[in-house]
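Working through the structure, step by step
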Amino acid sequence: MIVSDNGTELTSNAILTFAATQRIEWHYVAPGKPIQNGFVESFNGQMRDELLNETMFRNLAHARIVITAWATD
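All of these numbers come straight from a predicted model, not from anything done at the bench. (Residues numbered from 1 in each chain as written. Predicted model: local features only at pLDDT ≥ 70, side-chain atom pairs only at ≥ 80, totals over all residues. Heavy atoms only, no water.)

Okay, the overall build of the protein chain next. Each helix and strand counted, the protein chain has three helices and two strands in total. Among the 73 residues that make up the protein chain, the fraction classed as buried is 15%. Carbon and sulfur atoms make up 57% of the accessible area of the protein chain, which amounts to about 5900 Å² in all. (Helix = DSSP H or I, 4+ residues; strand = E, 2+ residues; numbered from the N terminus. Buried < 20%, exposed > 50% of the residue type's maximum accessible area, 1.4 Å probe, protein only. Areas by Shrake-Rupley, 256 points an atom, 1.4 Å probe, with all protein chains shown as cover.)

One way to put it is that helix 2 (residues 38-52) packs onto helix 3 (residues 60-72) with a least axis distance of 12 Å and a crossing angle of 120°. Crossing angle aside, the handedness with which helix 2 passes helix 3 is right-handed. Taken together, the residues of helix 3 that come into contact with helix 2 (itself represented by Phe-43, Gln-46, Met-47, Glu-50 and Leu-51) are Val-66, Ile-67 and Trp-70. Residue classes in the contact of helix 2 with helix 3 are distributed as six nonpolar, one polar and one charged. (Axes fitted to C-alpha atoms, helices over the stretch in contact; angles between N-to-C directions. Left-handed = near helix turned anticlockwise from the far one by under 90°. Contact = heavy atoms within 4.5 Å. Nonpolar A, V, L, I, M, F, W, Y, C, P; charged D, E, K, R; others polar.)

This part is about the confidence of the model for the protein chain. For the protein chain, the average pLDDT comes to 83, and 88% of its residues sit at 70 or higher. Mean pLDDT per element in the protein chain: strand 1 (residues 2-4) is the minimum at 71, and helix 3 is the maximum at 95. (pLDDT = per-residue confidence, 0-100.)

This brings us to the environment of Tyr-28. Examined against the element boundaries, Tyr-28 turns out to sit in strand 2 (residues 26-28). On the accessibility criterion, Tyr-28 (34% relative accessible area) is partly exposed.

Okay, structure coming up:
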């Protein structure tokens, strides 16, 4: 089961079709209720503040290295 907000990156027909073919249950948090997915909201905010807002990635390989180092730390 996957729980997500109603953001455009997770509401496309392609991702919903993929989830259906893989038998993945997809549930959305209620609009205006981010606390229903509090762990992910907290993680996203921390990652944005500590890493994404501070880093200019040169390419995909560089992004993978920097993100892995951040996650390990």
